[in-house]
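So you can see what is in the structure, the chains are spelled out below.
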Amino acid sequence: MSRCGPRWGEGVASVEPERVSELSDLLAHARASRTGAGGRAVIIRTASGMWCRELLVEFTERQRRAGAAPVLVSCQHRDAREPFAALRQLLAGLGDAAQPTGDDRFDELRRALPHTVPEDHGRPLFDELYEVLLPAVRRCPRVIVVDHAQWMDDASLRWFAHLVRRLTRLPLLVVLGVRVDDDLPARDALDDIGAQAACHESTLRPLSVHSARELVQRAYAGRVPDDPFVRLCHHVTGGVPAYLVRLIDTQLQAGLPPELGPIRSGVHLDGRPRQTRADHIRRIAARIEAAAVTTRLARQPERVRALGQTVALFGDGADLDIVADLLGTGPDRLDGPLAELVRVGVLRGTPPGGRLSFRTPELRDAVHDTIPETLLRDRHVRAARRLGDYGAPPTRVAEHLLRIDTLHVDEHAWAGAVLYEAGRAALEAGATLRCAEYARRALRDDPAAEHRARLLVLLGRAEVPTAPEAAARHLEEALRLLTDPGERAEAVLELCHAQVLRQGDSVEAVMRPARDAAARLGEVAERDCPDPDVRLRLRAIAHLGGPTAEARSDREARSGLDRAAVEVTGVTAGERELLAAFASDSACRAEPSGIALDLIERALAGEPPRGSASALLLLRSVVVLAWAGRLDEARTWAGSLTAAIPIGPAHSRIGLPTVVAHCLCADIALRAGNLAEALAEARTAGRLARGPELSALTQLTRVQLARIRVVLGQYDAATTMLRGALGVPRARATALGVRARCRYAAGDPRGALADHLECGRRLTELGIVNPALSDWRGGAGLALVDLDRRAEAAPLFEEGLEIARRWGAPAPIGEALRNRARIEGPRGAIRLLEESVAILEHSGARLQLAESLVESGRVYALAGQPAAARVALRRGMGLAQECGWDLLVERAHKDLLACGGRLRRTSLSGPGSLTPSERQIAELAAAGHTNRAIAESLCVTRGTVEVHLTHVYRKLGISGRTALSTRLASTQ
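Described below are features of the structure shown in this document. Everything quoted here is computed from the prediction, not taken from an experiment.

## Quick notes on the overall build of the protein chain
Thinking step 1. Along its length, the protein chain carries 49 helices and 7 strands.
Thinking step 2. The 972 residues of the protein chain split such that 56% are buried.
Thinking step 3. Of all intrachain contacts in the protein chain linking residues separated by at least 6 positions in sequence, the fraction that spans at least 24 positions is 68%.
Thinking step 4. With the model as given, the accessible surface of the protein chain reaches about 40,500 Å², and the carbon-plus-sulfur share is 51%.

## Notes on helix α46 (residues 916-926)
Thinking step 1. Along α46, the residues that are buried comprise Glu918, Ile921, Ala922 and Ala925. Angularly, the buried residues of α46 cover 100 degrees about the axis, an arc narrow enough to put them on a single face.

## Considering the pattern of salt bridges
Thinking step 1. Taken as a whole, this structure holds 55 salt bridges when the rule is applied.
Thinking step 2. Here the salt bridges share partners, and the residues they tie into one network are Glu758, Arg761, Arg762 and Glu765.

## Here's the deal with the packing of aromatic side chains
Thinking step 1. Applying the stated rule across the entire model yields 1 aromatic pair.
Thinking step 2. Plain terms: the ring middles of Trp159 and Phe160 are 5.2 Å apart, the flat faces sit at 80 degrees to each other, and that makes the pair edge-to-face.
Thinking step 3. Phe160 gets classed as buried once you look at its relative accessible area, which sits at 1%.

## Focus: the pairing of strand β3 (residues 142-147)
Here is the key point about a regular strand: its side chains alternate between the two faces of the sheet.
Thinking step 1. By the criterion of burial, β3 is predominantly enclosed, with 6 of the 6 residues buried.
Thinking step 2. The side-chain alternation of β3 yields two buried faces, one formed by Arg142, Ile144 and Val146 and the other by Val143, Val145 and Asp147.
Thinking step 3. Sheet topology places strand β2 (residues 70-74) next to β3; 5 bridges connect them, and they run parallel. Counted as the bridge partner of Leu72 is Val145 from β3.
Thinking step 4. Here 5 bridges tie β3 to strand β4 (residues 172-179), and the two strands are oriented parallel to one another. Bridge pairing in β4 links Val143 to Leu173.
Thinking step 5. In the classification by handedness, the crossover that spans β3, the intervening helix α6 (residues 154-164) and the parallel β4 is right-handed.

## What to know about the sheet that holds strand β5 (residues 199-203)
Whether parallel or antiparallel, the strands of a sheet pair through hydrogen bonds between backbone atoms.
Thinking step 1. With respect to topology, 5 strands assemble into an open sheet ordered β2-β3-β4-β1-β5, the strand pairing being parallel. Two strands close off the open sheet at either side, each with one partner strand: β2 and β5. Taking each pair of neighbouring strands and ignoring which way they run, the sheet shows an average axis angle of 15 degrees.
Thinking step 2. Against the sheet, α6 engages β1 (40-46), β3 and β4, with an angle of about 140 degrees to β4.
Thinking step 3. Where helix α7 (residues 187-194) meets the sheet, it contacts β1, β4 and β5, and its direction lies at approximately 130 degrees from that of β1.

## Quick notes on the side chain of Glu918
Thinking step 1. Topologically, Glu918 is positioned in helix α46.
Thinking step 2. Taking the relative accessible area as the measure of exposure, Glu918 reaches 3% and is therefore buried.

## Concerning unusual backbone geometry
Thinking step 1. Although it is not a glycine, Ala69 sits at a positive phi angle of roughly 50 degrees.
Thinking step 2. Position of Ala69 among the secondary structure elements: in the loop between α2 (52-65) and β2.
Thinking step 3. For Asp446, which is not glycine, the phi dihedral falls at a positive 55 degrees.
Thinking step 4. Here Asp446 is to be found in the loop between α19 (432-443) and α20 (449-463).
Thinking step 5. Under the relative-accessibility criterion, Asp446 is labelled exposed at 62%.

## Topic: the packing of helix α44 (residues 866-883) against helix α45 (residues 886-898)
Thinking step 1. At a minimum axis separation of 9 Å, α44 and α45 run at an interaxial angle of 160 degrees. Considered as vectors, α44 and α45 are oriented roughly antiparallel to each other. For the element pair α44 and α45, the recorded crossing hand is left-handed. Facing α44, whose interface residues are Arg870, Leu873, Arg874, Met877, Ala880 and Gln881, α45 presents Leu888, Val889, Ala892, His893, Asp895 and Leu896.
Thinking step 2. Along the lines of polarity and charge, the residues of the contact of α44 with α45 split into 7 nonpolar, 2 polar and 3 charged.

## Let's talk about helix α47 (residues 931-938)
Thinking step 1. Within α47, the full set of buried residues consists of Asn931, Ile934 and Ala935. Summarising the axial view, the buried residues of α47 lie within an arc of 100 degrees, below the 170-degree limit, and thus occupy one face.
Thinking step 2. At its buried positions, α47 is contacted by α46 and α48 (942-956).

## Concerning the environment of Asp755
Thinking step 1. For Asp755, the position within the fold is in helix α38 (residues 749-766).
Thinking step 2. Residue Asp755 is classed as buried on the basis of its relative accessible area, which comes to 5%.
Thinking step 3. Each C-alpha atom, one on Asp755 and one on Arg741, is 8.9 Å from the other, the two residues being 14 residues apart in sequence.
Thinking step 4. Beyond its immediate chain neighbours, meaning those up to four positions away, Asp755 contacts Leu736, Arg739, Ala740 and Arg743.

## What to know about the pairing of β1
Thinking step 1. Of all 7 residues making up β1, 6 are buried, and the element is well covered by its neighbours.
Thinking step 2. Sheet topology places β1 next to β4; 7 bridges connect them, and they run parallel. Residue pairing for β4: Thr46 is matched across the bridge by Arg179.
Thinking step 3. One ladder, built from 5 bridges, connects β1 with β5; its direction is parallel.

## Focus on a negative patch on the surface
Thinking step 1. Judged by side-chain charge, Asp365, Asp369, Glu373 and Asp405 come together as a negatively charged surface patch.
Thinking step 2. With respect to the helices, strands and loops of the structure, Asp369 is situated in the loop between α15 (361-368) and α16 (373-389).
Thinking step 3. Looking at Asp369, the relative accessible area reads 63%, which means it is exposed.

## What about the nonpolar core?
Thinking step 1. Counting 122 residues, the largest nonpolar core has Trp627, Leu664, Ile708 and Trp807 as the members making the most contacts within it.
Thinking step 2. Ranked by residue count, the leading element in this core is helix α33 (residues 656-672), at 12 residues.
Thinking step 3. Leaving out residues up to four positions away in the same chain, Leu664 has contacts with Leu619, Val622, Val623, Ala638 and Leu641.
Thinking step 4. Counting residues in hydrophobic clusters, the runner-up holds 73 residues, among them Leu297, Ile322, Ala426 and Val457.

Rules used throughout
Residues numbered from 1 in each chain as written. Predicted model: local features only at pLDDT ≥ 70, side-chain atom pairs only at ≥ 80, totals over all residues. Heavy atoms only, no water. Helix = DSSP H or I, 4+ residues; strand = E, 2+ residues; numbered from the N terminus. Buried < 20%, exposed > 50% of the residue type's maximum accessible area, 1.4 Å probe, protein only. Contact = heavy atoms within 4.5 Å. Areas by Shrake-Rupley, 256 points an atom, 1.4 Å probe, with all protein chains shown as cover. Arc of directions from axis to C-beta. Salt bridge = Lys/Arg side-chain N within 4 Å of Asp/Glu carboxyl O. Phe/Tyr/Trp six-rings, centres within 6.5 Å; stacked < 30°, edge-to-face > 60°. Pairing = 2+ DSSP bridges. Right-handed = clockwise from strand over helix to strand, strands pointing away. Axes fitted to C-alpha atoms, helices over the stretch in contact; angles between N-to-C directions. Parallel < 35°, antiparallel > 145°, perpendicular 65-115°, else oblique. Left-handed = near helix turned anticlockwise from the far one by under 90°. Nonpolar A, V, L, I, M, F, W, Y, C, P; charged D, E, K, R; others polar. Patch = residues over 30% accessible without salt bridge, like charges linked within 9 Å, V, L, I, M, F, W, Y side chains within 5 Å. Lys, Arg positive; Asp, Glu negative; His and termini not counted. Charge placed at Lys NZ, Arg CZ, Asp CG, Glu CD. Core = buried A, V, L, I, M, F, W, Y, C linked by side-chain atoms within 4.5 Å.

Quick look at the structure:
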């Protein structure tokens, strides 16, 4: 028995009140039968797993102790086919009980019982047995207990019916335990016994929540269980004791406590744990129930088992007509077997004409696993054929083909066509993983060259979001086999998308992808392609190549862009992609931001884009919006990147757009001055990019995280992150720009200058001059100032300011003005910094505004204006505190003290130093909420909560949340 099962006779009344009540009823019936009230019969109807046997054993033992000479008969499933099997057990038990008196007539009768039912149905035997039993019962009150009476053979059951009709003359109690959800070969005879006046019926009830709590507490050696844990265990098992005990045992064996909490087994798209403890418990309970139900199903007649297995072939929603057709019978002849499947717990109750469905997915899988391997392939092929004949969707037919390892040669063409159509349907529905499964299965059958090419294109399209490297290989192979110009053009288009996304390890690679063989092939395919929209989409890819943009003069590029933009309306998918390409080109060349924003608005108008190309469209749109300072819009569209290419119905894998979306959200949060959120998003992106298929994104996540750590002043950590990003053969310019800032902050202006200039050279080669990506000119100029080479710095500052003004976004202009002020005298510097603050005031670029305020405070102090300096420094310090920029806060505080400020040091620590976000999270944590609950209530990630709490603990000088309430209360 299970370690946490019932201990009958050992304080059972304090553990399972339901069974104690039922035991008391049986004891009352036994007393009544002994006190002259006449014999009685009790039928206990119960579902499987309700501990009926344990109840009957306990009752039998108590009757033995009371001197009632009980006999316990336990029927087996095989007994139903052996005449008088139960009677033989009964007579053996009666003979053992009579041995002290020397009465051996029970043994003689047992040996005389035939092994076949006689023509007279054994009536003389019934009378003889009754006459032998009569004096024995009168001499000593008897109790006969039968477990699993539903499996009693017909002859024995008819004798029990014969006995129950005459019970009023005997001091005898007959107890029959019947499992109503199991095989019931003797159902009619049992109903006949139940109809007798001397018979009483009862039903075992499931355990209550209270009893479930007692079981859990006993299993965990007295440890008080969590109430939600107990209630969930009770709910998922339905209070069935056997299921509940097995469920608790699995938790004990896994070393899990009696409380709900996360089980870390992967992450969702937003970085949260994929599997919770509640999910784990539900799944285990479903498996326990499925195992029990399939055991009961195995005892059913062959036609019932065959029906269950056939329904399992089709899964939920099986059509009764198709199932009947596959079984070679009519639907009306399946009413009886269907009712049996519902009774034993396999199927849900199905209305007439409704579709058949299993009670749980785990149960369907368990029943499917009972099909012999030798028959499985043939049954799935037949099921697929029948579904096709009935006009079922290709995806339903293909599910059966996925379960077949090998097909006969004559089945290849039919199966390949079905799998191809199913793959196309899955791709249109956004189920890219399923589409890839269909295509791979069809390719295993070695199709003809033309069909193989189409399957490779389908597979490549499905793999673009998750495995662009593999997608490129499959599409390149398809191109060697395809001859139709239209099909070749579509394959080239997907190959271009795969290669651009494969290179998406930095923003410049997305905005200016390398013009590799796919892009050049795309130009050839564009000329031959008959579909105008596909031609536009190919043009959108080819338009962004760096060498092409470099080869054209600015005037030619601008005039070509203007002419093309006027021609494009933004209605079709190709036109929208081309508009996004034009916008990206315009933003890279730092044309006025209004041009790029207008193109982006037209590209994003209408229905949200979907498909592999939509990833590029959305990536470029988000980047342009972020560069232009439209941060709220950029955040919204970044969040839709994952939805644009759903990986599967359950999002079972992480796609490339998901990782890039988190990186973009980190960049947007950094530009908005939300450092905690930026750090959390970057960490999530890095965690999701650890898969082998997404390793190309490691550089992107490392650079993004290093940028944030530089702002936070964590230069060693940033340098470590960049070492991995710069150690690859194809290191990106942005990585050099971030390392330059690290070197500058570490006091190495020469190294910073070299990195900034190399970053600028690479970006210029790509045709990216916009400082919104990397202000390498300003960084190089600051390094030259520190090297006392101001004359060389001035042209860089001027060029950076000119380009920033041309682009027109506030953040680059504010930064360029602040940099330009470094080589001006106090009066000129004040003028430039005041302009920088004015431009940034309502821009949303809080980090830039805070830095310009602090810098202007320093310059005011140098110019002998301490009052203005203190105002600017206080504002800048307060804004830096809200952003979580502790490095700038420290700097501003020092400058404030130097110019006569009296701001107390406690503003940098203690409860008063908390930002509004930090205080809100700290108060929730102090109230006892978990990090996960806080994240869900505030609609942020758990990483954001963790970063905020880290800042809170540091500012309050505490080590954890236990002291939060006391420290926060000090300011109330």
